[in-house]
Amino acid sequence: MNSGQQAVYLESATIEALRGAIDTLRKTSARSLMIFACEGDNWAIRELETYLRSLDLPVFGGIFPSIIHGSTLHRNGTLVIGFPLTLEVAVISRLRDQPGIDRQLRRLGKTLADCRSVFVLVDGLSTNLESFIESLFGVLGARAAVMGGGAGYLDLLQRPCLLSNQGVIVDSALLVALPMRVDRGIGHGWQMLSGPFLVTRSNGNVLEELNYRPAIEIYQQEVEAHSTSRFSQTDFFSISKTYPLGIESIDGDFLVRDPIKQVGGALICVGELPENATVYLLKGEASALVAAAAQAATSALAMRETRLRGVSAAPKAAIIFDCISRALFLDEGFSDELRAIERALPPMDCVVGALTIGEIVSSRSGLIELMNKSILVGLS
Amino acid sequence: MMSNTLKYVSIQHELGMSIGVALRLQPMLNAFSLVCLRRLGLAAVDFHFLKSGDGEPALQGRPGSGRFDHFCSFPQTSKVISAAQFSTDQINRVSCIHRKLSDQDHAWHHYSFSLGGFGVITLQRLDIEFDPPILELLKPLIRRLGLSCQASIEHENLLQAVAARAEAEKTILFQLLHDDLTRLPNRRSLMQELERQLQIGQRDGSFGALLFLDLDRFKLVNDTLGHAVGDRLLIAVAVRLHELVGNQGMVSRLSGDEFIILIGNLGCEHAVAKGCVDELLSVIRAGFVDPLSAGEHSLHVTPAIGIELFPDEECTAGQILRRADSAMYQAKALGLNSSVFYDRHLSFELERRRDIEKELQLALKVGDQFEMHYQSQHGSDGECIGAEALLRWHNPFRDGIGPAQFIPIAEEAGLMLELGAWVLRRGCLDLREMRRHGLPSSFRRLSVNVSAIQFNHRQFVETLIGIIAETGVEPSLLMIELTESTLIGNSESTIEKMTALRKLGIKVAIDDFGTGFSSLAYLSRLPAQSIKIDQTFVRNIDSVSGKRAIVETIVALSRSLEIDLIAEGVETEAERAVIERLGCSNYQGFLFSRPVPLRDFMASLQVATD
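What counts, and where the lines are drawn
The numbers attached to residues start from 1 for each chain and follow its sequence in the written order. By the order in which they are written, chains take letters starting at A while ligands take numbers starting at 1. The predicted nature of this model means local features are confined to residues of pLDDT at least 70 and side-chain atom pairs, given and counted, to a pLDDT of 80 or more, with totals for whole chains, interfaces and linings taken over all residues. Labels follow the DSSP assignment, with helices taken as runs of H or I lasting at least four residues and strands as runs of E lasting at least two, numbered in each case from the N terminus. Any residue with 12 or fewer other C-beta atoms within 10 Å of its own C-beta is exposed, any with 20 or more is buried, and the rest are partly exposed; the C-beta atoms used are placed from the backbone. C-beta atoms are first placed from the backbone for all residues, and any pair lying within 7 Å is then listed as a contact. Note on pairing: two strands pair once DSSP finds at least 2 bridges between them. Interaxial angle, 0 to 180 degrees, is taken between N-to-C directions of lines fitted to C-alpha atoms, where a helix line uses only the stretch in contact. Gly is put with the polar residues, along with every residue not named as nonpolar or charged; the nonpolar set is Ala, Val, Leu, Ile, Met, Phe, Trp, Tyr, Cys and Pro, and the charged set is Asp, Glu, Lys and Arg. What sets the label is the angle itself: under 35 degrees gives roughly parallel, over 145 gives roughly antiparallel, 65 to 115 gives roughly perpendicular, and the rest give oblique. Confidence per residue, as judged by the predictor, is encoded in pLDDT with a range of 0 to 100. A helix is expected to span 1.5 Å multiplied by its residue count minus one. By definition, the arc is the one covered by directions from the helix axis to the C-beta atoms.

**Regarding the overall build of chain B**
- Secondary structure assignment for chain B yields 21 helices and 21 strands.
- Of all 610 residues assigned to chain B, the portion counted as buried reaches 37%.
- Considering only contacts within chain B whose residues lie at least 6 apart along the sequence, 64% involve residues at least 24 apart.

If you want it as structure tokens, here you go:
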């Protein structure tokens with residue numbers, strides 16, 4: 001992101017409207033394009049793909065459950081953002097093929113060598129996301145600031161969702177090298193309810209055992225002990241969206257892991273739970289989540305001020321990646337979250353974002369992490 | 001407080017469980033580092049170790065070095081940092097050195113811990129320092145990691161030793177089946193493959209071909225430009241042949257400038273197989289049109305190629321090779337860049353000569369197949385005035401092969417110097433034995449035949465002097481017999497050598513006199529002491545008047561030059577009488593004695609003396 005980017009919001013999901021918006025942005029010197037579309041618009045994928053391939057500007061973006069423009073959440077419509085720079089967009093395809101990921105990333109050495117920030121958009125329903133992020137860290141290290149999120153559909157069925165000059169693609173990642181630093185704030189607001197529990201058996205994102213017992217037994221026992229919810233009477237996800245798990249970081253924060261499904265005695269989570277880690281049961285309260293969102297915005301501002309060493313340089317643009325599960329949890333109260341962010345930030349030309357399936361960010365320690373149920377605010 | 005304790009215990013547990021999950025050093029450190037990065041919130045982890053002479057991590061460094069060198073970092077692309085400097089006291093226990101550095105975006109905290117005195121681990125963290133208890137909880141883990149590194153390094157050393165051994169075995173196996181110079185398969189490898197192809201051919205009725213290549217005039221390259229250039233040329237030829245043949249067949253080097261191309265699966269029709277070989281021959285010829293680079297030299301070489309198609313009746317692998325070899329010799333005879341398919345009729349004599357050549361080589365190596373026989377020489381009163389040493393070969397593979405058959409082959413094969421030296425030494429040793437046993441006072445000389453190649457060699461006189469010195473015989477008892485043809489050409493050096501021999505007291509005889517074309521003027525300049533009238537003039541001299549005239553001339557010549565005369569091949573008293581009447585009073589021939597082994601010859605001398 002850079003000062004000078006312009007956003008156009010389209011209500012109509014047609015190629016003509018998209019072409020018109022892009023022509024408008026071209027006239028204001030746009031040399032690269034970011035497109036955030038809503039799944040609710042049911043884009044004609046083949047037509048969209050043909051049009052994207054025909055574009056002579058670098059393009060990147062995704063189809064998300066909802067998009068954010070200013071402090072408004074849109075379940076329909078499309079955001080087209082023009083950048084006054086020619087950005088390099090790399091496509092990493094076939095994320096399920098780990099050796100292939102490493103090969104593709106190695107070839108990007110030159111593209112990523114001098115950039116200061118990297119936008120990462122992934123197919124949020126790809127398996128192997130954690131390994132991809134580990135490989136990405138292997139290439140970038142802590143040198144560049146990374147932020148981004150997962151595109152995809154709320155029904156959690158994987159299909160083409162990333163927009164690029166190659167068309168509408170699936171099981172891939174888009175890396176956008178940026179020449180400037182993006183200041184970041186991260187928050188979630190989920191609080192410790194009980195624990196710790198030792199992960200005694202797991203396989204990637206499948207949590208099989210806690211404390212040497214089937215994971216579902218411990219999870220059910222603890223949730224039912226602290227609430228009136230009963231798994232025998234209610235759908236699993238209806239309960240679990242309120243009670244995620246968290247791995248405590250050394251600095252006291254939690255890396256949230258969202259159990260989305262029960263298979264036998266195991267919990268299927270978004271993101272890995274490594275064996276021998278200790279996890280806590282977390283609970284959500286609307287006010288805490290909204291406060292955390294405001295805090296994320298404040299942290300991004302603080303990072304900017306620290307980096308610029310007090311030199312006044314108000315940010316001109318913000319990008320927000322907010323987890324879809326927060327919106328589902330907060331429901332009608334989600335608008336409070338967006339307003340809280342708006343209040344925490346100074347007035348800006350351009351505030352855009354999307355509801356994502358997984359959030360990706362360089363943590364304060366430099367490590368790139370895949371987060372769940374979290375909110376990222378980026379400023380430039 | 002309690003919450004932190006649980007957190008620390010949990011971190012310690014997770015990190016502890018990630019130590020030693022792999023036996024190899026790099027994967028072990030990789031597994032530990034990934035957990036470290038995530039669990040401790042790090043930007044990078046770096047490892048430095050003492051290194052051995054070959055740059056591998058070691059428990060003890062290079063003598064006098066004591067320096068930690070970077071081994072690996074996670075992530076791999078992170079900027080390589082230098083290892084912290086530990087004092088002697090710090091290095092041998094787990095202690096932590098904290099360094100703080102800054103760049104435009106961040107403060108970097110480097111926490112370095114000593115690993116068992118032979119390494120250092122550095123944890124890099126952005127902006128936020130570790131709480132002191134974290135550093136304390138890490139120390140026992142680092143101690144365990146140090147032990148794990150030690151075990152891994154010892155394991156790696158063992159693996160390297162095993163790998164070095166495996167590599168050595170591989171090298172030996174390679175050397176066993178390949179030629180050192182060109183790295184092509186060698187004779188052993190060729191014969192194995194030929195046996196295999198032969199079996200396939202016999203089983204399936206399909207043809208294969210063996211092409212025997214010998215470079216035309218390669219010796220000239222070696223002799224004029226040296227062996228180093230010759231070797232480079234052989235390598236270039238090997239590469240060129242390999243390129244030309246490709247996957248069609250196997251190119252191997254037999255020895256020297258001999259290469260073999262073996263191709264199989266040429267179909268079941270003889271004509272088709274031959275057509276395939278013809279095509280390959282065209283490719284080879286085209287491939288040698290351009291010169292080859294041998295160091296600074298650009299050399300044009302061509303191969304002579306002999307071809308044998310197989311299977312043919314019950315022909316063995318060895319016979320196939322020999323047949324192709326014979327065909328190659330025929331190709332050589334046709335001129336440069338020729339090729340010839342083996343033809344059993346044309347090749348029979350050639351093969352026989354090749355076999356004899358190989359048998360001769362073997363005989364010279366083992367040394368006990370040769371023997372000298374002696375034929376006495378007599379004066380007018382029948383007294384023994386000397387003997388001629390005659391070479392006999394007891395060839396275990398064939399009976400009755402005489403010098404007339406094998407000497408020309410030895411000359412062609414370049415074996416004459418070696419064979420001639422053996423004859424001279426054996427003759428001198430036998431002469432010493434005769435002396436020890438007792439010689440009659442009339443005995444004046446032992447004649448030994450010397451070939452033209454032997455006599456014309458620049459070291460001949462020195463070699464002879466060496467043999468005389470070694471055996472201790474009197475030079476005056478030794479006579480060298482040279483054929484008239486030996487003396488033609490090289491006139492000045494011939495005269496010099498004969499003069500040198502004469503000065504040493506060694507006599508020189510001209511053998512087979514009358515068969516050559518030397519001019520009388522030339523003969524008069526040669527310092528020869530004796531002429532041997534060839535047996536063709538002696539045979540039936542009593543009944544053929546033309547022969548008498550020739551002998552009369554030779555007698556007159558010897559008288560005018562004051563040269564001793566002896567007639568060889570005297571078989572009858574009538575012949576002897578005619579020769580005596582013409583003026584020659586020394587004889588050699590069956591009339592007096594056949595050539596006999598040394599023991600019999602000495603016994604005959606004893607009888608005569610008694």
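This is not the end of the story, as more comes after the structure.
**Quick word on the overall build of chain A**
- Along the backbone of chain A there are 10 helices and 25 strands.
- Within chain A, buried positions represent 52% of all 380 residues.
- Relative to all contacts within chain A whose residues are 6 or more apart in sequence, the contacts with residues 24 or more apart total 82%.

**Quick notes on the sheet that holds strand E2 (residues 69–74) of chain B**
All names here are of chain B.
- Strands sit in the order E2-E1-E5-E4-E3 across an open sheet of 5 strands; the sheet is antiparallel. Looking at which strands have only one partner, the edges of the open sheet turn out to be E2 and strand E3 (96–102). Mean inter-strand twist for the sheet, computed between neighbouring axes without regard to direction, equals 20 degrees.
- Sheet topology places strand E1 (residues 44–49) next to E2; 5 bridges connect them, and they run antiparallel. The residue of E2 that forms the bridge with Phe 49 is Asp 69.
- Sitting on the sheet, helix H4 (residues 132–177) is in contact with E3, strand E4 (107–115) and strand E5 (119–126), with an inclination near 50 degrees to E4.

**Re the sheet that holds strand E8 (residues 258–263) of chain B**
Residue and element names in this part refer to chain B.
- Taking strand neighbours across the sheet as the criterion, the 5 strands line up as E7-E8-E6-E11-E12 in an open arrangement whose pairing is mixed. Every other strand in the sheet has two partners, leaving strand E7 (249–255) and strand E12 (339–341) as the edge strands with one partner each. When strand polarity is set aside, the average angle formed by the axes of neighbouring strands in this sheet is 20 degrees.
- Both strand E11 (residues 303–310) and E12 contribute to a ladder of 3 bridges, which runs parallel. Bridged to Ile 307 within E12 is Phe 341.
- Contacts from helix H8 (residues 270–287) reach strand E6 (208–215), E8, E11 and E12, with the element oriented near 160 degrees to E11.
- Along the sheet, helix H9 (residues 317–334) contacts E6, E11 and E12; its crossing angle with E11, the most-contacted strand, is approximately 145 degrees.

**Some points on the interface of chain B and chain A**
- Taken together, the contacts link 25 residues of chain B with 20 residues of chain A.
- Considering every element that reaches the side of chain B that touches chain A, the biggest residue donor is helix H1 (residues 2–17) of chain B, with 7 residues.
- Tallied by class, the residues present in the side of chain B that touches chain A amount to 12 nonpolar, 6 polar and 7 charged.

**Some remarks on unusual backbone geometry**
- Following Gly195(A), the chain continues to Pro196(A) via a peptide bond in cis, the omega torsion being 5 degrees.
- Mapped onto the elements of the fold, Pro196(A) is located in strand E14 (residues 191–203).
- Going from Phe310(B) to Pro311(B), the amide bond is cis rather than trans, its omega being 0 degrees.
- Considering the arrangement of structural elements, one finds Pro311(B) in the loop between E11 and H9.
- With phi around 55 degrees, Asn265(B) is a residue other than glycine that occupies positive phi space.

**Some thoughts on the packing of helix H2 (residues 25–39) of chain B against H4(B)**
Residues and elements named next belong to chain B.
- Axis separation between H2 and H4 bottoms out at 9 Å; the angle between their running directions is 155 degrees. Considering the angle they form, H2 stands roughly antiparallel to H4. Touching Leu 25, Met 28 and Phe 32 of H2 are Leu 145, Ser 148, Cys 149, Ser 152, Ile 153 and Glu 156, all from H4.

**A closer look at the environment of Arg53(A)**
All names here are of chain A.
- With respect to the helices, strands and loops of the structure, Arg 53 is situated in helix H2 (residues 45–54).
- Of the residues examined, Arg 53 has 13 C-beta atoms within 10 Å and is grouped as partly exposed.
- Expressed as a C-alpha distance, the spacing of Arg 53 and Gly 167, which sit 114 residues apart in the sequence, is 5.5 Å.
- What Arg 53 contacts, discounting residues up to four positions off in sequence, is Asn 165 and Gly 167.

**Regarding the pairing of E14(A)**
Residues and elements named next belong to chain A.
- Relative to strand E20 (residues 278–283), E14 is paired through 5 bridges, and the arrangement is antiparallel. In the strand pairing of E20, Gln 191 is matched with Lys 283.
- Of the strand pairs in this sheet, E14 and strand E15 (residues 206–210) are connected by 4 bridges, and their pairing is antiparallel. Bridged to Asn 203 within E15 is Val 206.
- Connecting E14 to the next strand, E15, in antiparallel fashion are 2 residues, including Gly 204 with a positive phi near 65 degrees.

**Observations concerning the pairing of strand E24 (residues 368–371) of chain A**
Residues and elements named next belong to chain A.
- Side chains of E24 alternate between two faces, with Ile 368 and Leu 370 and Glu 369 and Met 371 buried alike.
- In this structure, strand E23 (residues 359–362) lies alongside E24, joined through 4 bridges in antiparallel fashion. The residue bridging Ser 362 from the neighbouring strand is Ile 368, located in E24.
- Counting the residues in the hairpin turn of E23 and E24 gives 5 residues, including Gly 366, whose phi is positive at 110 degrees.

**Concerning the environment of His48(B)**
Residues and elements named next belong to chain B.
- Its location among the elements puts His 48 in strand E1.
- Here His 48 falls in the buried class, since 25 other C-beta atoms lie within 10 Å of it.
- Distance in space between the C-alpha atoms of His 48 and Asp 69 is 5.1 Å, their sequence separation being 21 residues.
- Setting aside anything within four residues of it in sequence, one finds His 48 in contact with Phe 68, Asp 69, His 70, Phe 71, Ala 83, Gly 119 and Val 120.

**Comments concerning the confidence of the model for chain B**
- Residues of chain B with pLDDT of at least 70 account for 95%, and the chain-wide mean is 88.
- Across the whole predicted complex the pTM is 0.59, and at the interface the ipTM reaches 0.83.

**Focus on H8(B)**
Residues and elements named next belong to chain B.
- Helix length check: H8, at 18 residues, gives a terminal C-alpha distance of 26 Å against a target of 26 Å (1.5 Å per residue), a fit within 8%.
- Considered for burial, the residues of H8 that qualify are Ala 273, Val 277, Leu 280 and Ile 284. For H8, the angular spread of the buried residues around the axis is 60 degrees, confining them to a single face. Residues of H8 that are exposed and point over 90 degrees away from its buried face: Ala 271, Glu 279, Ser 282 and Ala 286.
- As for H8, its buried residues are in contact with E6, helix H7 (227–245), E8 and E11.

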